[in-house]
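Residue-level structural notes
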Amino acid sequence: MPSKLVVRRQRLDSALRASLTQHQEALLEGLRERFAPLVGEGEVLDSFERLYQFFFELLEIRENAMVDADEAHSAELRDDEDPRDRRDDATEELYRVVIAIRRAANGHFGPELAARLLDLDGSTSQDSLTLYRQARRVMDRLRNPELELPPSQLGGVPDREGWAAQLEPPLTVLRAALDTVEQESRDFDLTLADKRTALTEHDIDAGAIARTVEGFLRLAARRDLAE
């Protein structure tokens, strides 16, 4: 959707172009009368016609750059939706696996010993990056050959490699999703910076054109039009 900031500037540009067109004849006539004793025949007309054309071209360049930057940023906003959905889905799946492993470890060793064994203190996070780090730490811990498991309260030997194997696929998926979202975030920042630059350049030049034409109208003794 077009930005309200850009649409408002486009409307102002249309008004400025209309003013340039509507007041051009009155401006040139007033300048000819005031400057006739100072310049040669036709000099005022030729000079200001070229200047007016420059005003129109510069305004068009700045407006087009502003609209293009706005469209690029809007497209980037739309592109962000799918990667974020994939990240959220991957987070939910990894959370489910971590919770299941944690419950299994609690059953074998009790909550306190299981937490130390898995190196997983506190609650299981639902924040994507924090959960990724927690789950990666659990997987590395389970695959540490130096880790010795205490006797199970349920009997038998817990399948630590099986637990680690359950973690690996959702960890891989979430890592890829996080990387994609981070890239999209960088693209978002870049397109936003381009848009802000385009807005600034537009405002500088459009404002300068408006002030210049206002000044010329005053020089042409057309204060009514300048106001």
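Along each chain, the written sequence defines residue order, and numbers are assigned to residues from 1. The model is predicted, so local features are restricted to residues of pLDDT at least 70 and side-chain atom pairs to those at 80 or more, both for listing and for counting; the totals for chains, interfaces and linings are taken over all residues. To obtain the side-chain values, all non-hydrogen atoms of the structure were used and water was disregarded.

Turning next to the overall build of the protein. Helical segments are the DSSP runs of H or I of at least four residues, strand segments are the runs of E of at least two, and each set is numbered from the N terminus. Each helix and strand in the protein was counted, giving seven helices and zero strands. As a reference, a globule follows 2.2 Å times the number of residues to the power 0.38, and the radius of gyration itself is taken over C-alpha atoms. Taking 17 Å as the expected radius of gyration for a compact globule of 227 residues, we find that the protein reaches 34 Å, considerably beyond that expectation. For the C-alpha atoms alone, the extent of the protein along its principal axes is close to 110 × 25 × 25 Å. Within the protein, the fraction of its 227 residues that count as buried is 37%. Residue pairs in contact within the protein that sit at least 24 positions apart in sequence constitute 76% of those at least 6 positions apart. Here the accessible surface of atoms and residues is derived via Shrake-Rupley with a 1.4 Å probe, and residues count as covered only by protein chains that are part of the display. Taken as a whole, the protein presents about 13,700 Å² of accessible surface, with 51% of it coming from carbon and sulfur. Exposed residues in this analysis have more than 50% of their type's maximum accessible area, buried residues have under 20%, and partly exposed residues fall in between, with area computed by a 1.4 Å probe over protein chains only. Note on contacts: a residue pair is in contact if any heavy atoms of the two residues lie within 4.5 Å.

Throughout this description, the term salt bridge denotes a Lys or Arg side-chain nitrogen within 4 Å of a carboxyl oxygen of Asp or Glu. Under the definition given, this model contains 15 salt bridges. For Arg 175, the salt bridge goes to Asp 179, with nearest N and O atoms at 3.0 Å. Of this pair, Arg 175 and Asp 179 both sit in helix α6 (residues 160-219), four residues apart, which is roughly one turn of that helix. Judged by its relative accessible area of 29%, Arg 175 falls in the partly exposed class. For Asp 179, a relative accessible area of 41% gives the class partly exposed. Notably, a salt bridge pairs Arg 186 with Glu 182, separated by 3.6 Å at the nearest N-O pair. Pair noted here: Arg 186 and Glu 182 are both in helix α6, with a separation of four residues, about one helical turn.

Turning next to the environment of Ala 90. Mapped onto the elements of the fold, Ala 90 is located in helix α3 (residues 81-109). With 64 residues separating them along the chain, Ala 90 and Ala 26 place their C-alpha atoms 67 Å apart. In this structure Ala 90 touches Val 173 and Leu 174, once residues within four positions along its chain are discounted.

This next bit is on the confidence of the model for the protein. Within a predicted model, pLDDT stands for the predictor's per-residue confidence, ranging from 0 to 100. Averaged over all residues, the pLDDT of the protein equals 87, while 94% of them reach at least 70. Helix α7 (residues 223-226) is the least confidently modelled element of the protein, averaging 79 in pLDDT, while helix α5 (residues 128-142) averages 95, the highest of any element.

Next up on the list: the side chain of Ser 152. The topology assignment puts Ser 152 in the loop between α5 and α6. Ser 152 sits in the buried class, given a relative accessible area of 17%. Think of a polar contact as two N or O atoms within 3.5 Å of one another; within protein, one of them needs to be a possible hydrogen donor and the other a possible acceptor, and neighboring residues in sequence only count if both atoms come from side chains. Reaching out from Ser 152, the side chain makes a polar contact with the side chain of His 108 at a distance of 2.5 Å. Ignoring sequence-local partners within four residues, the contact set of Ser 152 consists of His 108, Phe 109 and Pro 158.

In this section: helix α4 (residues 111-118). Within α4 the residues assigned to the buried category are Ala 114, Ala 115, Leu 117 and Leu 118. Considered in projection along α4, the buried side chains sweep an arc of 165° and stay on one side of the axis. Those residues of α4 hidden inside the fold are in contact with α3 and α5. Looking one or two residues past α4, Asp 119 carries a phi angle of roughly 55°, positive in sign. Regarding the arc, it is the one traced by the directions from the helix axis to the C-beta atoms.

Any residue with relative accessible area above 30% and no salt bridge may belong to a patch, with like charges joined within 9 Å and the nonpolar Val, Leu, Ile, Met, Phe, Trp and Tyr side chains within 5 Å. Lys and Arg are tallied as positive, Asp and Glu as negative. Neither His nor the chain termini are counted. Taken as the charge centre is NZ of Lys, CZ of Arg, CG of Asp or CD of Glu, depending on the residue. A grouping of Asp 79, Glu 81, Asp 82, Asp 85, Asp 89 and Glu 92 is seen on the molecular surface, where their side chains present a negatively charged patch. When residues of the negative patch are assigned to their parent elements, the largest contribution, five residues, is made by α3. Looking at the secondary structure, you find Asp 79 in helix α2 (residues 43-79). According to the relative accessible area criterion, Asp 79 is partly exposed, its value standing at 44%.

To define a nonpolar core, start from buried Ala, Val, Leu, Ile, Met, Phe, Trp, Tyr and Cys residues and group those joined through side-chain atoms within 4.5 Å. Within the largest apolar cluster, 21 residues are counted, with the highest numbers of intra-cluster contacts made by Leu 94, Val 98, Leu 118, Leu 142, Leu 167 and Leu 171. For Leu 94, the residues in contact, after removing those within four places along its chain, are Leu 131, Tyr 132, Ala 135, Leu 167, Pro 170, Leu 171 and Leu 174.

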